[in-house]
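As a plain string of letters, each chain reads:
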Amino acid sequence: MSPADTGDGQDAEPTWGSGEPSGSVPREPAVLRISPLEPQHRVPVEEILRATAVFRPEEIEIALEVLDSYYAHPERDYTTLGAFTPGGDLLGYLCYGPTPCTVGTWDLYWIAVSPAAQNLGVGSLLLQEVERRLARADARLVVIETSSQPVYHPTRAFYRRRGYDEVARVKDFYSDGDDRVIFAKRIST
Ligand SMILES: CC(C)(COP(=O)(O)OP(=O)(O)OC[C@H]1O[C@@H](n2cnc3c(N)ncnc32)[C@H](O)[C@@H]1OP(=O)(O)O)[C@@H](O)C(=O)NCCC(=O)NCCS
């Protein structure tokens, strides 16, 4: 699957060509729309964050605060993208922004895909689209932080498979036995 190149600022319309989604997720090859989140997507985002069952309540609160900050000042500190079914259902989202006091470094703050839509390429599609947009914005580096907890093992594997290298670890950062794992990827135009 590859996002359609629609140019800067345009919504991408990638083809979602395989997989057997369940529930309200389309079962046949379909077109997913990737576009910025709007205020009405706050509730679906919260539902997705809760449904993933990996985030603590205070992490979900912070994710929603970040979203509110984005809604108040779009594209100042944060940018969001959602992956939508043709019917407009939100399957997943991510939030990223320029890292303060750096030249061309960006942080990926949050990424989450509804469990019903995981392992079908939605997260990869979102990440590809961010990287495409960042390449056009002359970004150099994308940094992602996550936890060393076993529950995040698939997430860390997901980042590695998409070319993100583990560049640092802060031992016991989140709590004893829970390291902060830092991934990075160079962006090339
Ligand atoms: C991490 C996360 C965002 C990944 O999203 P996703 O949509 O499941 O990711 P993808 O489907 O693109 O990729 C997952 C796997 O599915 C496979 N896949 C991709 N397209 C596919 C398709 N069309 N059909 C079947 N499988 C496919 C990929 O190969 C990938 O496997 P790999 O990593 O071994 O290569 C998602 O699992 C999630 O929300 N996790 C919980 C929240 C979380 O951990 N967030 C990050 C906090 S730091």
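Description of the structure in this document. Everything numeric here is computed off the predicted structure, so don't read it as measured data.

What counts as what
Residues numbered from 1 in each chain as written. Predicted model: local features only at pLDDT ≥ 70, side-chain atom pairs only at ≥ 80, totals over all residues. Helix = DSSP H or I, 4+ residues; strand = E, 2+ residues; numbered from the N terminus. Buried ≥ 20, exposed ≤ 12 C-beta atoms within 10 Å, placed from the backbone. Contact = placed C-beta atoms within 7 Å. Core = buried A, V, L, I, M, F, W, Y, C linked by C-beta atoms within 7 Å. Arc of directions from axis to C-beta. Pairing = 2+ DSSP bridges. Axes fitted to C-alpha atoms, helices over the stretch in contact; angles between N-to-C directions.

### Things to note about the overall build of the protein chain
Piece 1. Scanning the protein chain for helices and strands turns up four helices and nine strands.
Piece 2. Ordered by position from the N terminus, the helices and strands of the protein chain form the series β-β-β-α-α-β-β-β-α-β-α-β-β.
Piece 3. With 189 residues in all, the protein chain has 30% of them scored as buried.
Piece 4. Taking the intrachain contacts of the protein chain between residues at least 6 apart in sequence as the baseline, contacts between residues at least 24 apart amount to 53%.

### A word on the nonpolar core
Piece 1. Of all hydrophobic cores here, the largest spans 41 residues; its most connected members are Y93, L94 and L126.
Piece 2. Of all the secondary-structure elements, those providing two or more residues to this core are α1 (42–52), α2 (57–72), β4 (79–84), β5 (90–98), β6 (105–113), α3 (122–136), β7 (141–147) and β9 (178–186).
Piece 3. For this core, the element with the highest residue contribution is β6, accounting for seven residues.
Piece 4. Those residues in contact with L126 that sit more than four places away from it in its chain are I34, L81, A83, G92, L94 and I111.

### A few points about α1
Structurally, the α-helix is built with 3.6 residues per turn, so residues lying three or four positions apart point the same way.
Piece 1. Buried within α1 are the following residues: V45, I48 and L49. Taken around the axis of α1, the buried residues stretch over an arc of 100°, which confines them to a single face. Residues V43, E47 and R50 are exposed on α1 and point more than 90 degrees away from its buried face.
Piece 2. Buried positions along α1 lie against α2, β5 and β6.
Piece 3. Looking one or two places after α1, you find A53, whose phi comes out positive at around 60°.

### Quick look at the sheet that holds β6
Piece 1. Here we have seven strands laid out as an open sheet, ordered β3-β4-β5-β6-β7-β9-β8, and mixed in their pairing. Each having just a single partner strand, β3 (33–35) and β8 (165–175) make up the two edges of the open sheet. The sheet shows a mean angle of 25° between the axes of neighbouring strands, direction not considered.
Piece 2. For β4 and β5, the ladder comprises six bridges, and the chain directions are antiparallel. Within β5, the residue paired with L81 across the bridge is L94.

### Comments concerning the pairing of β9
Piece 1. Pairing of β7 with β9 involves seven bridges; the strand directions are antiparallel. Pairing of V143 across the sheet is with A184, part of β9.
Piece 2. With six bridges joining them, β8 and β9 adopt antiparallel strand pairing. Residue E166 lies in a different strand from β9, and its bridge partner there is F183.
Piece 3. If you look at the hairpin formed by β8 and β9, you'll find two residues sitting between the two strands, and G177 has a positive phi there, around 85°.

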